[in-house]
Amino acid sequence: MKNKTIAIHKGTLRDSKTGGVNTPIYTSSAYDYLKEEETFYPRYFNTPNQDAVAKKIAALEHAETGLVFSSGMGAMSTSILAFAGAGDHLVMLDALYGGTHHFATEWFPHFNIDCTFTKTTADDVIKGVTPKTKIIVIESPTNPLLAVVDIKKIADFAKEKKITTIIDNTFASPVNQTPLDFGIDIVVHSGTKYLGGHSDLCCGMVACSHEKMDRIINLARVLGPSLDPRICYLLERSMKTLCLRVNEQTKNAMEVARFLELHPDIAGVYYPGLEGFEGHEIAKRQMTGFGGMLSFEIKDKDPNRFVEELKIISPAVSLGGVESTITSPSVTSHAKMSAGERLRIGVTDSLLRLSIGLEDADDLKQDLDNALKKVTHSS
Ligand SMILES: *Cc1c(COP(=O)(O)O)cnc(C)c1O
């Protein structure tokens, strides 16, 4: 089956009582232990609505199995702790999602886990590895500068050294990138973003081999970040249109990126789909589309005033929704960093991150252009 068919049919359970085409919502938290071989329980991550979405993500990510969590961080922290313990060392990108970065810096010392943060090139990642390295955690493209990480090169190296690899695939979504095909062991998603896709639910997902999942689910069942069946149903409904949404968002993003690239008020555009972009060649090898996320810097203007002038694109953290949203990383995701540290990693005060939605691309371009003009005229 191809992605669009998988998204709709895989895992979805027809209602056996009525023949209805959607998975019924199984609300029970108490199940008959005599009747079935397996005891169902929401915190065991095995009820029918959890299973339906888990099967979808597994198929979309070309994995043997999948799991749904109550948040992306639940999925990430559980996956890391399933394979790292006292005395172990991890290599992580310093550009990882803020929550993952925070988990490492604040909580790894508590577990006596050591960690090296590296830049995003495969060589930098490989240089960070020590004989004690158990896990490499990467993300591609990264937030907010859309750096493209050479997935295969890192996976090949890690396989040889028997190091477990985890990738946060949230930005690309399985529509544009399937990292297991390049040898990565575990794919993690914040399903709050593209998988949910309508900015109205919070969840996480993991896809990997049965062998890796045995450890992850074992830990998940005691840590307990399980997703409510009602939200699983909303997620399942959204996942059915994942391909349509992400393909359209990818097309829109390319158009907006090209528009911004030529705009006289724009100093630079970060988008893996642009030919001149640093990560473009690697992106072409490992992505089937360049995604709906892009960042840009505006020239000599107050970025916050510019954002205030936008009429369609709304200021909001989070991403991947049907509506276009914009954030200023220096005052949101990277606000806790010192100004000097932000500059070092390239997050300037004039940098803005756009999550492209499903509006008409012409309207989005017009909105950006109008706002840019307004700020020039009044400053
Ligand atoms: C949002 C996000 C997360 C965390 O997901 P939650 O669902 O908020 O817990 C992790 N990684 C990336 C890339 C994200 O954008």
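This text follows the structure it describes.
Criteria and cut-off values
The residue count restarts for each chain, going from 1 along the sequence in the order it is written. With the structure being a predicted model, the display of local features is reserved for residues of pLDDT at least 70 and the display and counting of side-chain atom pairs for 80 or more, all residues being used for whole-chain, interface and lining totals. Heavy atoms throughout the structure, all of them, feed into the side-chain values; hydrogens and water do not. Axis geometry follows a simple rule: fit a line to the C-alpha atoms, using only the stretch in contact for helices, then measure angles between N-to-C directions, giving values from 0 to 180 degrees. Only DSSP runs of H or I reaching four residues or more are called helices, and only runs of E reaching two or more are called strands; each is numbered from the N terminus. Working rule for handedness: look at the near helix, and if it is turned counterclockwise from the far one by less than a right angle, call the crossing left-handed; if clockwise, right-handed. Here, two residues are considered to be in contact whenever any of their heavy atoms come within 4.5 Å of each other. When residue character is reported, Ala, Val, Leu, Ile, Met, Phe, Trp, Tyr, Cys and Pro are called nonpolar, Asp, Glu, Lys and Arg charged, and the others, Gly included, polar. By the convention used here, strands pair only if DSSP detects at least 2 bridges between them. What makes a residue near a molecule or strand is one non-hydrogen atom of that residue sitting within 4 Å of it. Contacts described as polar in this section are N or O atom pairs within 3.5 Å, which, within protein, must combine one atom able to donate a hydrogen with one able to accept it, while residues neighboring in sequence count only if both atoms come from side chains. Where accessible areas are quoted, they stem from the Shrake-Rupley method and a 1.4 Å probe; at the residue level, only the protein chains shown are allowed to cover. Here's how the labels work: a residue is buried when its accessible area is under 20% of the maximum for its type, exposed when over 50%, partly exposed in between, all with a 1.4 Å probe on protein chains only. Here is how to tell: hold the view so the strands point away, follow the path from the first strand over the helix to the second, and if it runs clockwise the crossover is right-handed.

Caption draft 1: The arrangement of the packing of helix H2 (residues 48-60) against helix H9 (residues 229-239) in detail. Two elements in contact, H2 and H9, have axes whose closest approach is 8 Å; the angle formed by their N-to-C orientations is 35°. The way H2 lies across H9 gives a crossing that is left-handed. Across the interface between the two elements, Asn 49, Gln 50, Ala 52, Val 53, Lys 56, Ile 57 and Leu 60 of H2 pack against Pro 229, Cys 232, Tyr 233, Leu 235, Glu 236 and Met 239 of H9. Classifying every residue of the contact of H2 with H9 gives nine nonpolar, two polar and two charged.

Caption draft 2: Up close: the sheet that holds strand E9 (residues 293-298). Across the sheet, five strands lie side by side as E8-E9-E12-E11-E10; this open sheet has mixed pairing. Of all strands in the sheet, those with a lone pairing partner are strand E8 (266-270) and strand E10 (314-315), marking the two edges. Of the pairings in the sheet, the one linking E10 to strand E11 (residues 325-327) comprises two bridges and is parallel in character. Paired with Pro 315 across the two strands is Ile 326, which belongs to E11. Across the sheet, helix H10 (residues 242-261) touches E8, E9 and strand E12 (351-355), and the angle it forms with E9 is around 15°.

Caption draft 3: Main features of the site of the ligand. Residues in close proximity to the ligand include Ser 71, Gly 72, Met 73, Tyr 97, Glu 139, Asp 168, Thr 170, Ser 190, Thr 192, Lys 193, Cys 203 and Leu 319, which together make up its full environment. Within the contact set of the ligand, an oxygen atom lies 2.9 Å away from a backbone nitrogen or oxygen of Gly 72. One of the side-chain N or O atoms of Lys 193 is found 2.7 Å from an oxygen atom in the ligand. Expressed as a share of its isolated accessible area of 380 Å², the protein-covered part of the ligand is 90%. When the residues that make up the shell around the ligand are grouped by side-chain class, the tally is four nonpolar, five polar and three charged.

Caption draft 4: Region of interest: unusual backbone geometry. A cis geometry characterises the amide bond from Ser 140 onward to Pro 141, with omega recorded as -10°. If you trace the backbone, Pro 141 turns up in the loop between strand E4 (133-139) and helix H6 (151-160). Each neighbour pair has its own omega, and for Asn 143 with Pro 144 the value is -5°, a cis peptide bond. Following the sequence through the fold, Pro 144 ends up in the loop between E4 and H6. Within the chain, Leu 146 stands out as a residue other than glycine whose phi angle is a positive 60°. Of the residues examined, Leu 146 reaches a relative accessible area of 1% and is grouped as buried.

Caption draft 5: Summary view of the pairing of E4. Most of E4 sits out of view: six of its seven residues are buried. Inspection of the sheet shows strand E2 (residues 89-93) paired to E4 by four bridges, in the parallel sense. Paired with Leu 90 across the strands is Ile 135, a residue of E4. Direction of pairing for E4 relative to strand E5 (residues 164-168): parallel, over a ladder of five bridges. In the strand pairing of E5, Ile 138 is matched with Ile 167. Taken together, E4, H6 and E5 constitute a β-α-β crossover, and its handedness is right-handed.

Caption draft 6: Representation of helix H3 (residues 72-81). H3 sits mainly inside the fold: eight of its ten residues count as buried. Regarding H3, the residues found buried are Gly 72, Gly 74, Ala 75, Met 76, Ser 77, Thr 78, Ser 79 and Ile 80.

As far as function goes, none of this settles anything; it's purely spatial.
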